[in-house]
2 protein chains.
Amino acid sequence: MLELRLVQGSLLKKVLEAIKDLVTDANFDCSATGFSLQAMDSSHVALVALLLRSEGFEHYRCDRNLSMGMNLNNMAKMLKCAGNDDIITIKADDGSDTVTFMFESPTQDKISDFEMKLMDIDSEHLGIPEAEYHAIVRMPSAEFARICKDLASIGDTVVISVTKEGVKFSTRGDIGTANIVLRQNTTVDKPEEATIIEMNEPVSLTFALRYMNSFTKATPLSNTVTISLSSELPVVVEYKIAEMGYIRFYLAPKIEEDEDETKPQV
Amino acid sequence: MLELRLVQGSLLKKVLEAIKDLVTDANFDCSATGFSLQAMDSSHVALVALLLRSEGFEHYRCDRNLSMGMNLNNMAKMLKCAGNDDIITIKADDGSDTVTFMFESPTQDKISDFEMKLMDIDSEHLGIPEAEYHAIVRMPSAEFARICKDLASIGDTVVISVTKEGVKFSTRGDIGTANIVLRQNTTVDKPEEATIIEMNEPVSLTFALRYMNSFTKATPLSNTVTISLSSELPVVVEYKIAEMGYIRFYLAPKIEEDEDETKPQV
DNA sequence: TTTTGATAAG
DNA sequence: CTTATCAAAA
């Protein structure tokens with residue numbers, strides 16, 4: 001028996017909007033810890049890890065660990081039927097091959113239940129080692145989304161370079177080049193507008209903008225985003241989910257091309 | 001000679017937006033009673049009936065009964081040229097094969113007139129008998145529109161079931177099932193937010209969501225919608241038009257399939 | 001071109 | 001939170 005009651009149902013709606021384009025099918029894992037998901041994107045390049053801690057739910061009952069395979073597009077369709085102020089309850093009976101989403105309007109005048117078939121998905125749950133990062137950038141999530149969108153109109157990849165002075169996002173394409181530099185800035189009115197750079201070592205890594213722009217679908221979940229970089233390691237793009245957990249995206253850097261070998265794949 | 005002056009011109013704009021997708025050509029009938037229309041949709045499944053009473057017009061001159069065949073898409077195109085605050089006057093000379101729409105801006109600084117060719121349409125004017133309904137549900141029109149839209153993302157048909165406790169909208173599709181229950185609720189701040197159920201007898205009927213979602217195009221005309229149900233009878237979905245009349249949609253129920261004959265057409 | 005979703009303003 | 005305007009997708 002599983003019954004998870006989430007008062008701020010819009011959180012779950014946003015989570016699905018954030019990952020449904022990246023991952024089509026995935027197992028949601030329920031345990032005493034919380035409601036979590038770990039999955040590779042369909043082309044096995046990026047990894048998404050979600051955690052909604054049990055403490056964030058108004059009611060969290062999970063008699064035993066349960067892994068529920070869901071088609072995320074279908075799940076997103078159903079969650080779209082919930083109002084933004086609805087309370088969402090996720091229910092599943094032991095051994096059942098369905099999951100039920102119940103939506104309660106704030107006034108309790110409208111109660112909806114949506115039942116969805118579960119799927120069998122074999123997933124390798126990767127242990128993600130805690131790593132030391134050369135640099136960690138924390139910045140407004142909307143700013144990061146804007147930069148990734150803007151750069152994607154020029155080129156396909158972004159070079160993220162961190163020095164003590166700031167973080168630079170660069171791209172290069174047929175029509176020209178672009179460089180966006182954000183300097184460290186902690187002296188703003190609101191803390192979520194700050195750009196904070198923790199750097200142990202300068203680092204410069206290249207990533208596919210296509211994936212970065214998928215990650216920024218999570219922007220509505222948090223005002224800030226944290227980008228953790230180390231050479232040779234996948235970047236971690238993390239959006240904290242207030243009071244509940246996080247959604248983290250991992251993406252391996254591209255091996256830097258030589259300057260005169262631009263676009264060898266074309 | 002026909003001359004109808006409607007101060008709240010936006011009403012006529014909304015009426016045409018509401019029916020132009022359902023009905024392509026129709027006769028508008030003018031009499032001393034008012035300006036009315038009755039037409040089947042193009043696939044002869046649904047019926048729409050409109051009445052704008054003469055008392056609702058600032059000026060209503062209709063020397064003799066007149067039936068004017070119009071292409072509703074063309075009429076809607078012209079009405080889109082009227083501002084939302086414009087006063088609309090409909091004019092036609094006896095024996096003329098055209099109708100003129102005149103738009104006056106509130107300040108009288110802009111006066112437009114659009115002349116449209118009339119068409120010959122043979123229409124059978126059906127007498128619609130007043131019926132006793134097993135159940136009549138009155139609810140916020142936006143809520144009804146939201147429900148029909150949400151359910152259409154899951155299935156093709158909706159089962160509307162009324163009991164004393166409330167009204168249930170259910171559907172079933174490839175990805176799962178959905179049930180939305182609205183309980184009777186008269187204790188709200190604003191009367192237009194109430195859900196009122198008048199029930200003589202429980203009733204449960206099935207309808208094509210495609211048509212329901214056409215009907216909800218009339219949502220901007222009224223804050224509330226009335227759904228009248230009887231077994232064996234077409235449902236009536238009515239939007240009252242303030243001070244003027246109504247727009248009513250009629251749709252025959254589908255014959256309920258047996259449980260084990262789901263999707264016999266596949 | 002038309003319909004639907006997103007976003008910004010009230 | 002609702003509505004109006006605009007942009008993207010079918």
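- Per an unreviewed UniProt entry, chain A carries the name DNA sliding clamp PCNA and comes from Corchorus olitorius.
- In the Sequence similarities (unreviewed entry) part of its UniProt record, chain A is described as follows: "Belongs to the PCNA family."
- As its UniProt record puts it under Subcellular location (unreviewed entry), chain A is described as follows: "Nucleus".

## A word on the nonpolar core
Then, number 1: Grouped together as the largest cluster of nonpolar side chains are 157 residues, with contacts concentrated most on A:Met212, A:Ile247, B:Met212 and B:Ile247.
Then, number 2: Excluding its chain neighbours within four sequence positions, the residues that come into contact with B:Met212 are B:Phe144, B:Cys148, B:Val158, B:Ile160, B:Phe207, B:Val235, B:Val237 and B:Leu251.

## Observations concerning the relation of the copies chain A and chain B
Then, number 1: Under the fitted operation, chain A is carried onto chain B by 0.2 Å of movement along the axis and a turn of 119°, and the coordinates agree to an RMSD of 0.1 Å. In the structure described here, the two chain copies are related by an operation that fits a three-fold rotation axis. In terms of proximity to the rotation axis, the leading residue of chain A is A:Pro220, whose C-alpha is 17 Å off the axis.

## Some points on the interface of chain A and chain B
Then, number 1: With 18 residues of chain A at the contact, the number on the chain B side is 17 residues.
Then, number 2: In this assembly, chain A packs against chain B so that about 1400 Å² is buried in total across both faces, 44% of it on carbon and sulfur atoms.
Then, number 3: Considering only the surface of chain A that becomes buried against chain B, A:Cys81, A:Asp109 and A:Lys110 emerge as the three largest contributors, covering 37% of it.
Then, number 4: Our enumeration of links across chain A and chain B arrives at 2 salt bridges.
Then, number 5: Between chain A and chain B we count 9 residue pairs in polar contact (both at pLDDT 80 or more) in total.
Then, number 6: When residues of the side of chain A that touches chain B are assigned to their parent elements, the largest contribution, 8 residues, is made by strand β9 (residues 110-117) of chain A.
Then, number 7: Per-class residue counts for the side of chain A that touches chain B are 6 nonpolar, 5 polar and 7 charged.
Then, number 8: Sheet topology note: the β9(A)/strand β13 (residues 176-183) of chain B ladder contains 7 bridges and is antiparallel. Considered in β13(B), the bridge of A:Ile111 is made with B:Val181.

## Side note on the domain arrangement of chain A
Residue and element names in this part refer to chain A.
Then, number 1: Along its sequence, chain A is carved into domain 1 (2-117) and domain 2 (135-251).
Then, number 2: The C-alpha-based centres of domain 1 and domain 2 are spaced at 27 Å.
Then, number 3: Between domain 1 and domain 2, the contact holds 22 residues from the first and 17 residues from the second.
Then, number 4: Carbon and sulfur atoms supply 68% of the area that domain 1 and domain 2 bury against each other, a total of about 1700 Å² over both sides.
Then, number 5: Counting across the domain 1 and domain 2 interface gives 0 salt bridges.
Then, number 6: For the interface between domain 1 and domain 2, the tally reads 5 residue pairs in polar contact (both at pLDDT 80 or more).
Then, number 7: Ranked by residue count, the leading element in the side of domain 1 that touches domain 2 is strand β4 (residues 46-53), at 8 residues.
Then, number 8: Taken together, the residues of the side of domain 1 that touches domain 2 break down into 15 nonpolar, 2 polar and 5 charged.

## What about the environment of B:Lys217?
Residue and element names in this part refer to chain B.
Then, number 1: Secondary-structure assignment places Lys-217 in the loop between α4 (209-215) and β16 (224-229).
Then, number 2: For Lys-217, a relative accessible area of 41% corresponds to the partly exposed category.
Then, number 3: The spacing of Lys-217 and Val-99 is 118 residues in sequence and 25 Å in space, taken between C-alpha atoms.
Then, number 4: Beyond its immediate chain neighbours, meaning those up to four positions away, Lys-217 contacts Glu-17, Ala-18 and Asp-21.

## Remarks on the side chain of A:Lys20
All names here are of chain A.
Then, number 1: Note on placement: Lys-20 falls in the loop between α1 (9-19) and β2 (25-30).
Then, number 2: Under the relative-accessibility criterion, Lys-20 is labelled buried at 13%.
Then, number 3: Polar contacts involving the side chain of Lys-20 include one to the side chain of Glu-17, which spans 3.4 Å.
Then, number 4: If sequence neighbours within four positions are ignored, Lys-20 has contacts with Leu-72, Asn-73 and Ala-76.

Thresholds, definitions, all that
Residues numbered from 1 in each chain as written. Chains lettered and ligands numbered in written order. Predicted model: local features only at pLDDT ≥ 70, side-chain atom pairs only at ≥ 80, totals over all residues. Heavy atoms only, no water. UniProt positions renumbered as here; feature names shortened; annotations may be inferred. Core = buried A, V, L, I, M, F, W, Y, C linked by side-chain atoms within 4.5 Å. Buried < 20%, exposed > 50% of the residue type's maximum accessible area, 1.4 Å probe, protein only. Contact = heavy atoms within 4.5 Å. Least-squares fit on C-alpha atoms with pLDDT ≥ 70 in both. Buried area = accessible area lost by both parts, 1.4 Å probe. Salt bridge = Lys/Arg side-chain N within 4 Å of Asp/Glu carboxyl O. Polar contact = N/O pair within 3.5 Å; in protein donor to acceptor, adjacent residues only side chain to side chain. Helix = DSSP H or I, 4+ residues; strand = E, 2+ residues; numbered from the N terminus. Nonpolar A, V, L, I, M, F, W, Y, C, P; charged D, E, K, R; others polar. Pairing = 2+ DSSP bridges. Domains from an automatic or database assignment.

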